[in-house]
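# Descriptive analysis of the structure
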Amino acid sequence: MIKKLINLLYAAVLIAPGAVYAQPAEHAGQTKTFSIAVIPDTQYNTEESQGGNNALFESMIQWVLDNREKENIVYLAHVGDITDKGDRQPEQWVNAAKALYPLEEPLPGLPHGLPYGLAIGNHDQHPSQFAVTGKTENYNKYFGVDHFKGRDYYGGHFGDDNDSHYDLVSAGGLDLIIIYIEYDAFDEQQDAMNDWAVELLQRYSDRKAIIVSHYILGFNPVAGSNVAGPAAFGKQGQRLYDRIKTQPNVFLMLCGHVGANGEGYRQDTYAGHTVKTMLSDYQSRPMGGNGLMRLLTFDLEKDVLHVRTLSPYHGLEETDDDSRFTVPLFREAAASRQFDFNFDGKADIFRFVGGNWYDAEGIKASLGQKDDIPVPSYYRHFGKTSPAVYRRAEAAFYLNDWEATPLGEVGDVPVPADYDGDGVADVAVWNPRTAEWLVAGSEPVKHGWAESVPVPADYDGDGAAERAVWRFSNNTWYIATVGNVPFGEKGDVPVPADYDGDGKADMAVWRPATGEWLVYGQEAPLATLGKRGDLPIPGDYNGSGRVQAAVFDPAEKAVILEDGTRIPMEASIDEVVNLPYAIKAYYLELLKK
């Protein structure tokens, strides 16, 4: 019997979703932080080959159960290749059940145990690689629809078996849908599965979505680094992302399959929302993977996702940059997350004095020297701002205190931003004489005029900053590849940022004469705050996901936020760094007139 019919009407076989899984009683209403365990390819554990054995698999599950309360682990996802020989060696499925079934033992507040789901990898199919003509009888014997039906977290399935399915869980006040899509190398039903996933995403549009599939992503181009270039999509992964990217509730995809380097990361932004994709697969390590797994910890209050890679069997944890790292959860640096130096989801107010960096409490870092231009941005981290300077005399960036990155020529204006949409900022300069933009590693691009203020930002929500200028001779925004928009008047100061929290930068101006903050497309001012002589320093100071108006009053020695909060700050207007240098330089020149 054919395992699935490609033209099966998936809507007709969806099982009605069960009750939403609630946090254990001891955590309910107490924390905005929870974790999801991720188990990568265990094929050599269940086969007990390549030096591996099932004890490594069992140790991962036992660690999850032992640390469930401590880490507030609410779910476990297996990314596929549970076994190596699929239906050819049924005893491997006996080992898989032996490892995983302890999760099903009742726990306080969890009558069906710890919720978990499994992706089907190519080694779980027989013959391998085929989603329709390949069989998964033993997977469905031990982990099929009937096994999960009735569990309070199980949502339903695609087709006539459990090879693709979904779960519904909630934690920390956040509702999630977790969708599993079967490996399909020969495209036997990719479109049908992707359509099914989109239908679920639309039906559960009020839930944030995680998608798990065995092969979505390859490994990082440089081992040990997430920022040396994004990992490449696999063919099925690219088609999956292209199909689901229009659904704004998707924020994370997880996969395995590629064991050479074992780790990969990329992030892609569409229409103001970002999907992060993570590969973890350690099967090529000793003992069939050394029992390595991942723990994803979601901190909703700080809006960050912490990733850890550990082996309970060996009692070790990997700490290189693509094994242990933190990324923004929902709010990206290209939109509302600006000047977040401590990664708490809120903008921090900093000043730069002679090479030292201070916040309101005191010195936080030393980098640079007198007359350097402070150019803080997220150069090394996804979303976390780092101190940096541009040395005028050398025409060079310093992202640390010992290595220069020459760029451009003396007299250029530093305009760092994420121009390629990879989630980290690029060093860049704008030449006010030629209007040329030079981004490190790219050819120069001419855009703008000498009588302009460079205002690069992500105006269209694709994750990449557009080269843009505000031409003060005619009060018009010229945004490369997007369009030209008249907005503002003489004496205004451009202050582009994401003021409505939609993931896109808004064209906006601050009017010193009246204190009005005006956003393009909004009839009423966003706020009336500040006066000539104050410094506009917009930022998300309360972690709401949208940028608020704010000014530094040098006479009062205080930062004044949109809600009226006053923060004392002993500083001069030259020292405060919370406004891009090009805009600040333009405004300071206005004050001289």
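Residues numbered from 1 in each chain as written. Predicted model: local features only at pLDDT ≥ 70, side-chain atom pairs only at ≥ 80, totals over all residues. Heavy atoms only, no water.

## Structural notes on the overall build of the chain
Stated precisely, the cut-off is as follows: In this text, helices come from DSSP runs of H or I with a minimum length of four residues, and strands from runs of E with a minimum of two, each type numbered from the N-terminal end. Radius of gyration: over C-alpha atoms. The globule rule applied is 2.2 Å multiplied by the number of residues raised to the 0.38 power. Any two residues whose heavy atoms approach within 4.5 Å at even a single point are treated as in contact. Each accessible area is a Shrake-Rupley result for a 1.4 Å probe, and residues are judged covered by the shown protein chains and nothing else. Working convention for charge: Lys and Arg count positive, Asp and Glu count negative, and His plus the chain ends are omitted. For charged residues, the charge sits on one atom: NZ in Lys, CZ in Arg, CG in Asp, CD in Glu.
Looking only at helices and strands, the chain has 10 helices and 37 strands in total. Its C-alpha radius of gyration of 26 Å places the chain within 12% of the 25 Å reference for a compact globule of 593 residues. In terms of its C-alpha atoms, the chain occupies a principal-axis envelope of roughly 80 × 50 × 45 Å. Across the chain, contacts joining residues at least 24 apart in sequence account for 57% of those joining residues at least 6 apart. Carbon together with sulfur atoms contributes 51% to the accessible area of the chain, which is approximately 22,200 Å² in total. The distance from the centre of the 51 positive side-chain charges to the centre of the 85 negative ones in the chain is 3 Å.

## Let's talk about the packing of aromatic side chains
For any two aromatic rings, the description comes down to two numbers: the centre-to-centre distance and the angle of the planes. Using the following cut-off: Aromatic contacts are taken between Phe, Tyr and Trp rings whose centres are within 6.5 Å, Trp giving its six-membered ring; a plane angle under 30 degrees counts as stacked, one over 60 as edge-to-face, and the others as tilted. Burial classes follow relative accessibility: with a 1.4 Å probe on protein chains only, a residue under 20% of its type's maximum area counts as buried, one over 50% as exposed, and anything between as partly exposed.
Taken as a whole and assessed by the stated rule, the structure comprises 29 aromatic pairs. Relative to Phe-298, the ring of Phe-34 has its centre 4.9 Å away and its plane inclined at 10 degrees; by these criteria the two rings are stacked. Of this pair, Phe-34 sits in strand β1 (residues 33-39) while Phe-298 sits in strand β11 (residues 293-299), and the two are 264 residues apart along the sequence. Side by side, Phe-34 and Phe-298 carry an identical accessibility label, which is buried.

## Some details on the sheet that holds strand β22 (residues 413-414)
Keep this limit in mind: Each pair of strands is called paired provided DSSP finds at least two bridges between the two strands.
Within the open sheet, the 4 strands sit side by side as β22-β23-β24-β25. Their pairing is antiparallel. In this open sheet, the two strands that pair with only one neighbour each are β22 and β25 (445-446). Where β22 lies against strand β23 (residues 428-431), 2 bridges are found, and the strand directions are antiparallel. When the sheet's bridge partners are listed, Pro-414 is paired in β23 with Val-429.

## Digging into the pattern of salt bridges
Stated precisely, the cut-off is as follows: Salt-bridge detection follows one rule: a side-chain nitrogen of Lys or Arg within 4 Å of a carboxyl oxygen of Asp or Glu.
Here the structure, examined in full by the defined rule, presents 36 salt bridges. A salt bridge links Asp-303 to Arg-337; its shortest N-O distance comes to 2.8 Å. Within this pair, whereas Asp-303 is found in the loop between β11 and β12 (304-311), its partner Arg-337 is found in the loop between β14 (325-328) and β15 (351-353), the two being separated by 34 residues in sequence. Accessibility classification places Asp-303 together with Arg-337 in one group, the buried group. Note that Arg-511 is salt-bridged to Asp-492, the shortest N-O span being 2.8 Å. With Arg-511 in strand β31 (residues 508-511) and Asp-492 in the loop between β29 (483-486) and β30 (493-494), this pair connects stretches of sequence that are 19 residues apart.

## Details of the pairing of strand β10 (residues 273-280)
Extensive coverage of β10 is indicated by the burial of 8 of its 8 residues. Residues His-273, Val-275, Thr-277 and Leu-279 point to one face of β10 and Thr-274, Lys-276, Met-278 and Ser-280 to the other, with burial holding for every one of them. In this sheet, β10 lies alongside strand β9 (residues 263-270) in antiparallel orientation, the contact comprising 8 bridges. Paired with Glu-263 across the bridge in β10 is Ser-280. The turn joining β9 and β10, which pair antiparallel and follow one another in sequence, is formed by 2 residues; a positive phi near 50 degrees is taken by Ala-271.

## Section: the environment of Asp-534
Summarising the element assignment, Asp-534 is placed in the loop between β33 (527-528) and β34 (535-536). Residue Asp-534 is classed as buried on the basis of its relative accessible area, which comes to 3%. For the pair formed by Asp-534 and Ala-555, sequence separation is 21 residues and the distance between their alpha carbons is 8.3 Å. Beyond its immediate chain neighbours, meaning those up to four positions away, Asp-534 contacts Trp-510, Val-551, Phe-552, Asp-553, Pro-554, Ile-573 and Tyr-587.

## Description of the domain arrangement of the chain
Here is the rule we go by: Reported domain spans reflect what an automatic or database domain assignment gives. Accessible surface is computed with a 1.4 Å probe, and the buried area is the amount of it that two parts give up when combined, taken over both parts together. In the scheme used here, Gly and all other residues not listed as nonpolar or charged are polar, with Ala, Val, Leu, Ile, Met, Phe, Trp, Tyr, Cys and Pro taken as nonpolar and Asp, Glu, Lys and Arg as charged.
Entries for the chain in the domain assignment read domain 1 (33-328) and domain 2 (351-592). Relative placement of domain 1 and domain 2: their C-alpha centres are 40 Å apart. Facing the 11 residues of domain 1 at the interface are 14 residues of domain 2. It is Val-227, Gln-267 and Thr-269 in domain 1 that bury the most area against domain 2; as a group they hold 48% of the surface buried on that side. Every element with two or more residues in the side of domain 1 that touches domain 2 is listed here: β9 and β14. Grouping the amino acids of the side of domain 1 that touches domain 2 by side-chain chemistry returns 6 nonpolar, 5 polar and no charged.

## Describing the UniProt feature "domain: Calcineurin-like phosphoesterase" (unreviewed entry) in the chain
Operational definition: UniProt positions are given in the numbering used here, feature names are shortened, and annotations may be inferred rather than shown by experiment.
UniProt's feature table lists "domain: Calcineurin-like phosphoesterase" (unreviewed entry) at residues 35-258, given in the numbering used throughout. Between the C-alpha atoms that bound residues 35-258 the distance is 24 Å, and the span itself is 30% helix and 20% strand.

## Quick look at the pairing of β11
For β11, a buried count of 7 out of 7 residues is recorded, marking the element as mostly surrounded by other parts of the structure. Side-chain alternation along β11 places Met-293, Leu-295, Thr-297 and Asp-299 on one buried face and Arg-294, Leu-296 and Phe-298 on a second face that is also buried. Pairing geometry for β1 and β11, over 6 bridges, is antiparallel. The residue of β11 that forms the bridge with Ile-36 is Leu-296. Where β11 and β12 come together, 7 bridges link them in antiparallel fashion. Across the sheet, Met-293 pairs through a bridge with Leu-310, a residue of β12. Hairpin connection of β11 to β12: 4 residues between the antiparallel strands, including Asp-303 at a positive phi of 60 degrees.

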